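Remarks on the overall topology
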Amino acid sequence: MESQPQPQPQPRRPRGFAATAAAAAASVSPTGTPSGSAGASTASSGKGKREREKEKERTKLRERHRRAITSRMLAGLRQYGNFPLPARADMNDVLAALAREAGWTVEPDGTTYRRSPPPQHQQHLGAFPVRSGESPLTATSLKNCSVKATLDCQQPVVRIDDSLSPASLDSVVIAERDTRSEKYPSTSPINSVECLEADQLIQDVHSTEHDNDFTGTQYVPVYVKLSTGFINNFCQLADPDGVRQELSHMNSLNVDGVIVDCWWGIVECWNPQKYVWSGYRELFNYIREFKMKIQVVMAFHEYGRTDSADVLISLPNWILEIGKENQDIFFTDREGRRTTEFLSWGIDKERVLNGRTGVEVYFDFMRSFRTEFDDLFAEGLISAVEIGLGPSGELRYPSFSERMGWRYPGIGEFQRAAKLRGHSFWARGPDNAGHYNSRPHETGFFCERGDYDSYYGRFFLHWYAQALMDHADNVLSLANLAFEETKIIVKIPAVYWWYKTSSHAAELTAGYYNPTNQDGYSPVFEVLKKHSVTVKFVCYGLQICSYENDEAFADPEGLSWQVLNSVWDRGLKVAGENTLSCYDKEGCLRIIETAKPRNDPDRRHFSLFVYQQPSPLVQGVICLPDLDYFIKCMHGDITGDLVP
C-alpha cells in the first residue's frame, strides 16, 4: 500500500507561461506516462482549464486595481506636489521626476547618477551605491548572462526598459544590488517568488528583435473599404469608371474583398418601405467581375454632418418629416437639443414611425436587402454583414457629436429620450456632469471621488449602459432572423481618451460603464456572444496620434488590451479596422502585431482586417506606407522591413 503523502505548504499558484507548463506537467506521471484513467485525465484537464480561466479573471482585476492606484498617485503628484508629469506618464516618468527632485541626474536612456555626491550620502546608500560614468543594465547584458549573474556583476543603477511591457502598463523596474547584501534578507522583487523567470525575462526584453518576420504567421484576410460617394442620393452609381479603377487597383494588391456601406438614408429615402437598390446592384456586378468578396454595412446612421465633409447622407426624408412633428424620436442632450445622427432607442418598441417601431424599421430594411440580393448570398459573394447600432455605425450613444460642438478631448454629454406615451424611458441625467467639452476634473460627477461612484451615480450609469445593451440585443435578434447563417459583425467604439483617469468619463457618456473599479465591456460582450457576432475594433498604429492633446490622459493601447482580451476570453471572433490617420512604419508593425500577437500561447488572431482611407486608392493617397507589403504581412507571406 502506498504511503500517504505528508501535507505540504500550499505553493504559490504559477502565472502566465508557468501556469501552462504546470498544467501540462500535472497530467503526466513521473515516469512520463499519463496518470489515472482517461476519465480522470479528462476531469483533471477540465479542472485545470477552469483554474486558468479563474486566474485570468483575477489577473485582470489585479491589473485594473493597480491602474486605479497608479492614476490616483499621478493625480496627487500633479496636484499637490507640482510634479511636471506628462499626461501619459508611466512609472519611468514618476521615478525620473522623484530622482530629479532628490537632486539626481537622469539621462534619457535611464542612466541615473549623482554628480559628486557627499561622502556621508554615499555611506547611507549601503547596498545600493551609484557611481557616475558606469554602464547601466542593458538588454545586451541580459542576453549574455543569467539574471542572477547580471545582478551580481553589473554596476548598481536603476534601469527602466520600455520594451518590457506595453506603453499602457507600468514598466518593469529592475533594482540592482551589491553582493554585500547577500547576507541580509532582501525584499526586492527581483529575489521574490513573483520574480520573472530568467528565460521569460530575456524573451520579453528581446521580443521586438526580428519583429518584421511574418512568414508562416496566421493568415488574416484584408478587406478595403470602398470610398463613400460612389452611390449618390438617388441610389445611382455616380462614377462607373472610377469604381472600375479602384476595384482594379484593389485587385492588384491581392485584397480579399471590399466593404460597402448600404445607406438607409439612400435606399429608403422618400417613402416608408419603398426600397431602391439599383445603384448597389450595378456596383455589386462590378465587384463580381473582379471575383472579390463583399462585406456590406447596414448603415442606419447619418454621415457627413461636419464642415469638412464632401458627402452628406442624412436619415430618410420621411423619418426627418416625422421628427419635425415628434422630436422625441431623436436623442436629446442636457440643454434639450436634438441630434439626428441616429434614432433614439427609446422608440425601439414604440410604434411612432408610421405604425412601426424602431427595430421593425431596421428589420424590414435588412429583410429587403436579403431578398433583393439572394443570388449573391447563394454564390457566397457576400461573406458578412455589419449591423449599424449607433452613430458612425458603432454601438454607442451620440455623446460626442461634432454637430453639437464637441471637440476632442471633451468628455461628451449623457443622452436621453423624452417622455413617450406618458412614460419616462430615460432617467434624468446628473446635473453636475459638465458639457461636451468639459474635462473630468472640472465636473462634480466625473472628478476624482466624484458622484459617478455614489449610490445615485452607480444606479444611473448601470441603467444607462443597460439601455445600450438592450438596444443591441433587440436589433441583433432580428438581424439573425434576416440573415440566418451569414456572419454578423458589430463595431465597438475606441473611446480611449480619459482612460487613465478614475472615472473614464468619455466611456461613461458613450454608454460603457467602465471606471477603474468596474469592467464595462464584459456585459456588452456577453450580449454579443449570445448572438455569435464578430466584434470589430479600431486599431491605433501609434500610441497617440500627433494631433491629439497630451492632456487627455489617453491610452489606446490599454483600452485595446482590455477589449481584445475580454472578447477573446468569451470565444468571440475579432475584426480590426484602422483609423483614417496616416501611419508610419512603426505604426504598421504595431497593427500587425495586434492583429496576430506571436507571443500569445493560444495563437489568437483577428479573423479579418478592414483598411479604410479618406480618399480613393486611385488617387494615390495611401495612408499605410506600402499597402501591398502590409497586406502580405497580414497574409503571412513575407519577411523583412517595410519598404520606405
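Residues numbered from 1 in each chain as written. Predicted model: local features only at pLDDT ≥ 70, side-chain atom pairs only at ≥ 80, totals over all residues. Heavy atoms only, no water.

**Re the overall build of the protein**
From N to C terminus, the protein includes 19 helices and 14 strands. Of all 644 residues assigned to the protein, the portion counted as buried reaches 51%. When contacts within the protein are restricted to residue pairs at least 6 apart in sequence, long-range pairs at least 24 apart make up 72% of them. Roughly 30,700 Å² of accessible area belongs to the protein as shown, and the carbon and sulfur atoms make up 52% of that amount. (Helix = DSSP H or I, 4+ residues; strand = E, 2+ residues; numbered from the N terminus. Buried < 20%, exposed > 50% of the residue type's maximum accessible area, 1.4 Å probe, protein only. Contact = heavy atoms within 4.5 Å. Areas by Shrake-Rupley, 256 points an atom, 1.4 Å probe, with all protein chains shown as cover.)

**Remarks on the UniProt feature "active site" (unreviewed entry) in the protein**
UniProt's entry tags E394 and E577 with the feature "active site" (unreviewed entry), counted in the numbering of this structure. Judged by maximum C-alpha separation, these annotated positions cover 184 residues in sequence but sit close together in space, the widest gap being only 12.3 Å. Turning to its location among the elements, E394 is positioned in the loop between β10 (382-387) and α14 (455-483). Setting aside chain neighbours within four positions, we find E394 in contact with L389, K491 and P493. Looking at the element boundaries, E577 is found in strand β13 (residues 573-578). Within the local environment of E577, its side chain forms a polar contact with the side chain of K491, the two groups lying 2.9 Å apart. (UniProt positions renumbered as here; feature names shortened; annotations may be inferred. Polar contact = N/O pair within 3.5 Å; in protein donor to acceptor, adjacent residues only side chain to side chain.)

**What to know about the side chain of K491**
Relative to the helices and strands, K491 is located in strand β11 (residues 487-492). Setting aside residues up to four positions removed in sequence, K491 forms contacts with E386, S392, G393, E394, L395, K536, V538 and E577.

**What about the environment of F342?**
Tracing the sequence through the fold places F342 in strand β9 (residues 338-343). Its relative accessible area of 0% is what places F342 among the buried residues. The spacing of F342 and F300 is 42 residues in sequence and 7.1 Å in space, taken between C-alpha atoms. The contacts of F342, once residues within four sequence positions are left out, are F300, H301, F330, F331, Y362, G388, L389, G390, P391 and H471.

**What about helix α10 (residues 278-289)?**
When the terminal C-alpha atoms of α10 are compared, their 17 Å separation across 12 residues agrees well with the 16 Å that a helix rising 1.5 Å per residue should span. For α10, the set of buried residues is G279, Y280, L283, F284, Y286 and I287. Along α10, the residues classed as buried sweep out an arc of 155° about the axis, all on the same side. On the buried face of α10, the contacting elements are α8 (240-252), β6 (257-263), α9 (264-267), β7 (293-299), α12 (358-372) and α13 (374-379). Taken from the residues just after α10, K291 is the one with a positive phi, measuring 55°. (Expected span 1.5 Å × (residues − 1). Arc of directions from axis to C-beta.)

**Describing empty space enclosed by the protein**
Counted according to the given criterion, the structure contains 3 cavities of 30 Å³ or more. Its volume calculated, the second largest cavity comes out at about 110 Å³. Residue lining of the second largest cavity: L226, S227, T228, G229, F230, I231, I259, V260, D261, W263, Y280 and L283, and that is the complete set. Here the lining of the second largest cavity gets 4 residues from one element, more than from any other, and that element is β6. Looking at the lining of the second largest cavity residue by residue, the classes come out as 8 nonpolar, 3 polar and 1 charged. (1 Å grid on protein atoms, 1.4 Å probe; cavity = no way out; pocket = protein on both sides within 12 Å on 5 of 7 lines; lining within 4 Å. Points joined across faces, edges and corners; volume = space filled by probe spheres on them. Nonpolar A, V, L, I, M, F, W, Y, C, P; charged D, E, K, R; others polar.)

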